[in-house]
Amino acid sequence: MKKVYKAHILYTKERSCFEVLENGYIAVDDNGRVIGVATDLASLGCEDAEVTDFGDRLLIPAMNDLHVHAPQYRNQGIAMDLELLPWLQSYTFPEEMKYADTGYAERMYRRFVRDLWRFGTMRACVFATIHTESTRVLMRLFQEAGMGALVGKVGMNRNCPEGLTEQVEEMVRGYEELANDECPPLVRTIITPRFIPSCTPEMLRACGELAVKYQLPVQSHLSENKDEIAWVQELEPESSCYGDAYDRYGLFGQTPTVMAHCVWSDGEEVELMKRRGVMVAHCPTSNFNVASGMAPIRHFLDEGLHVGLGSDISGGHDLSIFRMMVYAIQVSKMHYQQNHELPFLTLSETFWMATKSAGSFFGRVGSFEPGYEFDALVIDDSDLNHDNYSLLERLERYIYLGDDRQITHRFCCGKAITEPKIII
Ligand code: GUN
Ligand code: FE
């Protein structure tokens, strides 16, 4: 049965502007795909369809988080006093070691999935840990919730504590198990070498081979911090830039690839990303908290790179992708203060990054154009809408001022998604 919803519909087909349908209709087919949007039922060919009327609420595409570490959820909002490399050693690795225990993993991961749901994130590109069983738990929880995720068991075998190291053969076996697990299409595994300093050349090579063999996407970190970049140059002296170090192991666009941060990517690295279609996950709060720097997102967009937003918990402290839009705009304004040749980001550009652009990593996701999977949020902003605001102003106020309390309905691939259970 096809379904029709009525509300004020806002989305971005292109990054430069919003599509706005006041009292619009959206029709969704049996496979959860958008048939079309219109302001009358006749042009959708749906005169007889039963309409779910959301009244004066806003209907927008759901959020996509392109980079987040589920096992760092306990550390959210703490441990902000170090830069990246000592931060990993002091706070992050000790927490991730605990995920050898699948009971601990399930308790924490349930909370994590529930809170993604809360903030309207229906798809996420997630780092788990080296532990295959705990990674499987996380994949199961996303499946049970009905939410979409690419979940990466993390590759690590050097420069990390003994308890967070895995032999290459063991890693390969773990990935093969996860790749062969029966999974509904919304949840898949993703090849996830943590970053060059954590993986020996043998491990990086094995990751590249796995990606091609099982046609799996790849995620990692790139050019986040200056000490990290210098270290990568020492470890991979033949490489011409950090991105080239990944490329040499088949981990830079040989299959769909997303790299987090790219704060210091320039010249040759940007060219290589363009050539290989490597996507950028921009994580502004993480870049503030671990004092990495300001990623030149306007420059990346001008260069034609594909950019999405990531919360990067727990380098980032905020799971809301709405809030990430605000931070992305604010950091671009600071960047603008230093370099007036790069105009700051607009609301439609950041909304597009969070929806259609990031969504492209998961398939046809993030827009309401025909054929897109219906991932959507219904927003009741009546408590924020106390004067004659336009629909676009209402959306802007929700992005800046709203939170999970105003989200009344969530859909992923056409299905209404209810609150996932946590263990108290
Ligand atoms: N680089 C390698 N691992 C990490 C991590 O866990 N968080 C961030 N922000 N950067 C990383
Ligand atoms: Fe990260």
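Structure first, text after, so check above.
Sequence order sets the numbering: in each chain, residues are counted from 1 along the sequence as written. Here the convention is simple: chains get letters from A, ligands get numbers from 1, in the order in which they are written. Residue-level local features of this predicted model are given only where pLDDT is at least 70; pairs of side-chain atoms are given and counted only at 80 or more, and the full residue set underlies all totals for whole chains, interfaces and linings. To get the side-chain values, all heavy atoms of the structure are used, and hydrogens and water are removed first.

Asks: Can you walk me through the layout of surface pockets in this structure?
Replies: Buriedness of a pocket was judged along seven lines, with at least five required to meet protein on both sides within 12 Å; pockets are open sets of points on a 1 Å grid over the protein atoms alone, cavities are sets where a 1.4 Å probe fits but cannot get out, and lining residues have an atom within 4 Å of a point. Grid points are joined across faces, edges and corners, and a volume is the space filled by probe spheres set on the points. Taken as a whole, the largest pocket holds about 380 Å³ of empty space. A run of H or I in DSSP becomes a helix once it reaches four residues, and a run of E becomes a strand once it reaches two; helices and strands are each numbered from the N terminus. The set of elements that each furnish at least two residues to the lining of the largest pocket consists of β7 (148–152) and β9 (187–189). Residue classes follow a fixed rule: Ala, Val, Leu, Ile, Met, Phe, Trp, Tyr, Cys and Pro count as nonpolar, while Asp, Glu, Lys and Arg count as charged, and any other residue, Gly among them, counts as polar. Residues of the lining of the largest pocket, tallied by class, amount to 12 nonpolar, four polar and five charged.

Asks: Can you walk me through the packing of aromatic side chains in this structure?
Replies: Here a pair means two rings of Phe, Tyr or Trp (six-membered ring of Trp) with centres within 6.5 Å. Their orientation is stacked below 30 degrees between planes, edge-to-face above 60, and tilted elsewhere. Taken as a whole and judged by the stated rule, the model has 17 aromatic pairs. Judged by centre distance (5.9 Å) and plane angle (35 degrees), the ring pair of Phe368 and Phe374 falls under tilted. Burial here depends on accessible area, computed with a 1.4 Å probe over protein chains only, as a share of the maximum for the residue type. Under 20% is buried, over 50% is exposed, and the range in between is partly exposed. Looking at Phe374, the relative accessible area reads 0%, which means it is buried. Members of the aromatic cluster, joined through ring pairs, are Tyr5, Tyr11, Phe54, Phe368, Phe374 and Phe411. Charge-over-ring placement is defined geometrically: NZ (Lys) or CZ (Arg) within 6 Å of the ring centre, and within 35 degrees of the ring normal. Directly above the aromatic system of Trp264 lies the positively charged group of Lys226, at a separation of 4.2 Å from the ring centroid.

Asks: I tried to follow empty space enclosed by the protein on my own but got confused; where do I start?
Replies: A probe as big as a water molecule, rolled over the atoms, marks out the empty space that is left. Inspection of every chain in the model, using the stated rule, returns two cavities of 30 Å³ or more. In this structure, the largest cavity occupies an estimated 110 Å³ of space. As for the largest cavity, its lining consists of 14 residues, of which Leu84, Trp87, Leu88, His221 and Glu224 are closest to the centre. Looking at the lining of the largest cavity residue by residue, the classes come out as five nonpolar, six polar and three charged. Approximately 60 Å³ is the volume attributed to the second largest cavity. In terms of lining residues, the second largest cavity is bounded by Ala295, Pro296, Ile297, Arg298, Ser332, His335, Tyr336, Leu342, Pro343, Phe344 and Leu345. Those elements that place two or more of their residues in the lining of the second largest cavity are α10 (297–302) and α11 (321–338). For the lining of the second largest cavity, the element with the highest residue contribution is α11, accounting for three residues. By residue class, the composition of the lining of the second largest cavity is eight nonpolar, two polar and one charged.

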